[in-house]
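Secondary and tertiary structure notes
These are the residues of each chain, in order.
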Amino acid sequence: MKKRVLAIHTPDSVGEIITVAGWVHSRRDHGGLIFIDLRDHTGLVQLVINPEQAEAFRLAESLRDEFVIRASGVVTERGEGLKNPNITSGNVEIVVENLEILNRAETLPIQPFAEENQAGEDLRFKYRYLDLRRQKMQQMLKKRAEMYRRIHQYMDDRSFIEIQTPILANSSPEGARDFLIPSRLQEGKFYALPQAPQQFKQLLMVGGVPRYYQLAACFRDEDPRADRLYGEFYQLDLEMSFVEGGEEVRQEVEPLIRQLATDFAGKKLLDLSDLSVGDGQPIPRISYRDAMETYGSDKPDLRFGMELIELTDVFANTEFGVFKNAECIKAICVKNGASLSRKQIKQFEDIATSEGAGGLPYIKYVKIKHPDEAQGYVIPITSSDFYGYDAISPVAKHLSDEEHRLLIDTMKPEDGDVVFFGADTRPVVNAVLGRLRNEFATHFNLKKSDEVALAWIIDFPFYEWDDHGKKLDFGHNPFGMPKGGLEALESANTDAEKLAIVADQFDMVMNGYEICSGGVRNHNPAVLYRVFDLLGFSESYVEEKFGAMLSAFKYGAPPHAGCAFGVDRILMELIDETNVRETLAFPKNGSGVDVMMDSPSTVDPAQIKELGLE
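From a predicted model like this one, the values you see are computed outputs, not experimental measurements.

Moving on to the pattern of salt bridges. Per the counting criterion, the structure on display carries 42 salt bridges. Put simply, E55 and R58 hold a salt bridge, and the shortest N to O gap is 2.5 Å. You can see E55 and its partner R58 sitting in helix α1 (residues 54-62), three residues apart, about one turn around the helix. Residue classification places E55 among the partly exposed positions, given a relative accessible area of 45%. With its nearest N and O atoms 3.4 Å apart, the salt bridge here joins K201 to E239. Here E239 lies in strand β10 (residues 231-241) and K201 lies in helix α5 (residues 198-206), a separation of 38 residues in the sequence. Among the residues examined, E239 registers a relative accessible area of 0% and is labelled buried. One continuous salt-bridge network, built from bridges that share partners, spans R124, R128, D131, R134 and E582.

With that out of the way, let us pick up the nonpolar core. In terms of nonpolar packing, the biggest core is built from 59 residues, with L236, I257 and F565 touching the most fellow members. Of the residues forming this core, the biggest block, seven residues, is contributed by helix α6 (residues 246-264). Domain assignment of the residues forming this core places at least three in each of domain 2 (135-268 + 564-611) and domain 3 (269-286 + 299-304 + 451-557). Residue contacts for I257: discarding those within four places in its chain leaves L454, M508, M510, I515, F565 and I570. Counting 25 residues, the second largest nonpolar core, distinct from the first, contains V5, I34, V45 and V92.

All right, on to the domain arrangement of the protein chain then. Note on interface size: it is often stated as the accessible area lost on association of the parts. The domain architecture assigned to the protein chain consists of domain 1 (7-103), domain 2 (135-268 + 564-611), domain 3 (269-286 + 299-304 + 451-557) and domain 4 (308-444). One C-alpha centre belongs to domain 2, the other to domain 3, and the line joining them spans 20 Å. Listed as interface residues are 37 residues of domain 2 and, on the opposing side, 35 residues of domain 3. In this assembly, domain 2 packs against domain 3 so that about 3100 Å² is buried in total across both faces, 61% of it on carbon and sulfur atoms. Linking domain 2 to domain 3 there are four salt bridges. With its nearest N and O atoms 2.8 Å apart, the salt bridge here joins E247 to R285. Where domain 2 touches domain 3, the interface holds 11 residue pairs in polar contact (both at pLDDT 80 or more). Going through the elements one at a time, α5, α6, β25 (560-566) and α16 (567-574) are the ones with two or more residues in the side of domain 2 that touches domain 3. Each residue belonging to the side of domain 2 that touches domain 3 can be placed in one class, and the counts come to 13 nonpolar, 11 polar and 13 charged.

As a further point, take the packing of helix α7 (residues 288-295) against helix α11 (residues 426-443). For the pair α7 and α11, interaxial distance at closest approach is 8 Å and the crossing angle is 65 degrees. In terms of axis orientation, α7 runs roughly perpendicular to α11. The segment α7 lies against α11, with M292, E293 and Y295 engaging R426, N430, G434 and R437. Looking at the contact of α7 with α11 residue by residue, the class counts come to two nonpolar, two polar and three charged.

This paragraph deals with α7. Within α7, the full set of buried residues consists of A291, E293, T294 and Y295. Tucked inside the fold, the buried residues of α7 contact β12 (285-287), β13 (309-310), β14 (328-334), α11 and β20 (454-458). In the stretch just after α7, G296 is the one whose phi turns positive, near 70 degrees.

With that settled, the discussion passes to the packing of helix α4 (residues 135-157) against α6. Direction vectors running N to C along α4 and α6 enclose 150 degrees, while the axes themselves pass 11 Å from each other. The interaxial crossing formed by α4 with α6 has right-handed handedness. Along its contact with α4, which presents K143, E146, M147, R150, I151 and Y154, the element α6 presents E252, V253, P255, L256, Q259, L260, D263 and F264. Its residues assigned to classes, the contact of α4 with α6 shows eight nonpolar, one polar and five charged.

Our focus in this paragraph is the sheet that holds β13. On the basis of which strands lie adjacent, the open sheet formed by six strands has the order β13-β14-β18-β15-β17-β16 and antiparallel pairing. Sheet topology places β13 and β16 (377-380) at the edges, where each strand pairs with a single neighbour. Bridging between strand β15 (residues 362-368) and strand β17 (residues 388-392) involves five bridges; their strand directions are antiparallel. Each bridged residue has a counterpart across the sheet, and for Y365 the counterpart in β17 is A391. Strands in contact with α11 are β13, β14 and β18 (418-424); relative to β14, the strand with the most contacts, it is inclined by about 10 degrees.

Turning our eyes to something else, we now look at helix α10 (residues 401-411). Among all positions in α10, only E403, H404, L407, I408 and M411 are buried. Axial view of α10: buried residues confined to an arc of 135 degrees, hence all on one face. Considering only its buried residues, α10 is in contact with β13, β14, β15, β16, β17 and β18. Count one or two residues on from α10 and you reach K412, which has phi positive near 50 degrees.

The sheet built from eight strands is open, its strands ordered β6-β9-β10-β25-β24-β23-β20-β12 with mixed pairing. Two strands lie at the open edges of the sheet, namely β6 (161-162) and β12, each paired on one side alone. By the bridge criterion, two bridges tie β6 to strand β9 (residues 211-220) in an arrangement that is parallel. Of the residues in β9, the one forming a bridge with E162 is Y213. The strands that α5 touches are β9, β10 and β25; relative to β10, the one it contacts most, it runs at about 20 degrees.

Analysis parameters
- Residues numbered from 1 in each chain as written.
- Predicted model: local features only at pLDDT ≥ 70, side-chain atom pairs only at ≥ 80, totals over all residues.
- Heavy atoms only, no water.
- Salt bridge = Lys/Arg side-chain N within 4 Å of Asp/Glu carboxyl O.
- Helix = DSSP H or I, 4+ residues; strand = E, 2+ residues; numbered from the N terminus.
- Buried < 20%, exposed > 50% of the residue type's maximum accessible area, 1.4 Å probe, protein only.
- Core = buried A, V, L, I, M, F, W, Y, C linked by side-chain atoms within 4.5 Å.
- Domains from an automatic or database assignment.
- Contact = heavy atoms within 4.5 Å.
- Buried area = accessible area lost by both parts, 1.4 Å probe.
- Polar contact = N/O pair within 3.5 Å; in protein donor to acceptor, adjacent residues only side chain to side chain.
- Nonpolar A, V, L, I, M, F, W, Y, C, P; charged D, E, K, R; others polar.
- Axes fitted to C-alpha atoms, helices over the stretch in contact; angles between N-to-C directions.
- Parallel < 35°, antiparallel > 145°, perpendicular 65-115°, else oblique.
- Left-handed = near helix turned anticlockwise from the far one by under 90°.
- Pairing = 2+ DSSP bridges.
- Arc of directions from axis to C-beta.

Here it is, written out as structure tokens:
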């Protein structure tokens, strides 16, 4: 049998007899000739079947879309005016001499090649094996494989050792629900699928491994969303021994993400060295506090500005009730916001109230050359080429002239801008304006898909307040090292003092997504006991949950640090996908169900009994 030639290589074989194989992409019957577009993973090639080849012609008449066929024939140049510049093999066709049907296909339940008219997610996922035939899906699988190759190459070149850690592990407080696996041999006990290889990689450092990494499968029972997979996800997990500062880890891995953004994805990496809250580096280091106060988020999208501006002092003596009774007042200036309709502003107000705001005060600014042009409150501006601003808003009449001037000096609006206010407690104001900042940027197309903005968010609070449980909890995870070590923990007595403790932990953000989390690890048993003690956990609890790690730390644990990158989320952003589920070959749907394999499913009662779960 002749070696199979791929569609993309057929132009190299003009005048030769070759064999091709693939799927019937389309079939056309033109005046006694049958034309078949044959598709393989490299593209399309046109087959021509003449009536003179009786057996081949008979079979060709029975072909339907997605039949799997093999054909042999002579590669010939297409005639003038018959060439197809839209496909790689468009200058040639194969005049078929032999045709074979390898497999037949029923009518497809979805149409994977109708890119503009795709089926809904559940139907596509039910027939994912057909959905994967789409060129977009094929390209995604190739890009994912290329990304993995680049990661492996980068880590191997820097002497990281790839090590696989256990999938059947123990339950630990990582911030999400565990997937539990009942033990048949140890009845009444359970394994847990690892939310992360955290304890294992720290134990590897104790074991003398200098640098570890793996592309690890992780499992968390969290509700899915557009940027978070349900159940299982994949991360580049790494750890380095004899490291005592987070910056050493950041400098080690930052070039990899630069490379993925530029060389791999072909995007423009923004230089953010002049960012007001950065540290002057092109990929800035921004404190958690500065990120929350300036952008209202610990994962800000830095492809655009629209910073939150502090106005509490501006309105320190205001008589306007909404502002007078507020702990904190901030605003954002939305360029060209005057183009928003009342209906659109109402939609943004609904978003604000969903984040806890009582409303959404705003002022629309229009430059006027004469006071008679004004529709609202007139604010004269001296020494300018225009008379002043027309402040159009129900709020405007409640502010004094001095407050208006201070507001304009601080916010610096231009003609057609709208200033939106937040007035409440500081956390609520930051949450409301941070969400609106993101929503306005989407509305006004400020998020350029060909740009990547990266930043490190550092100095996270070690503890945070859990509103649901009405108690303190860990901010990131309990394995980090608090800055100041045991001394900082020993001096914290009140909740306020505990909340002031800063961890040497960090995140990397890309275009508004958290793509990495890491930090310097706790390698001191006394510190580990104390970080749990401040939350009311006993030493026996710590020993029960982390006994192996505590025991290991008693035998000479080196200082160590590391991080983990969410590869699914990174790939989603770099290939311009809007839903992370589309970055996997076989994802679960938005309800966490594998509709193709009908999973989760019921199991045989005998299996339940065998596991002692009756």
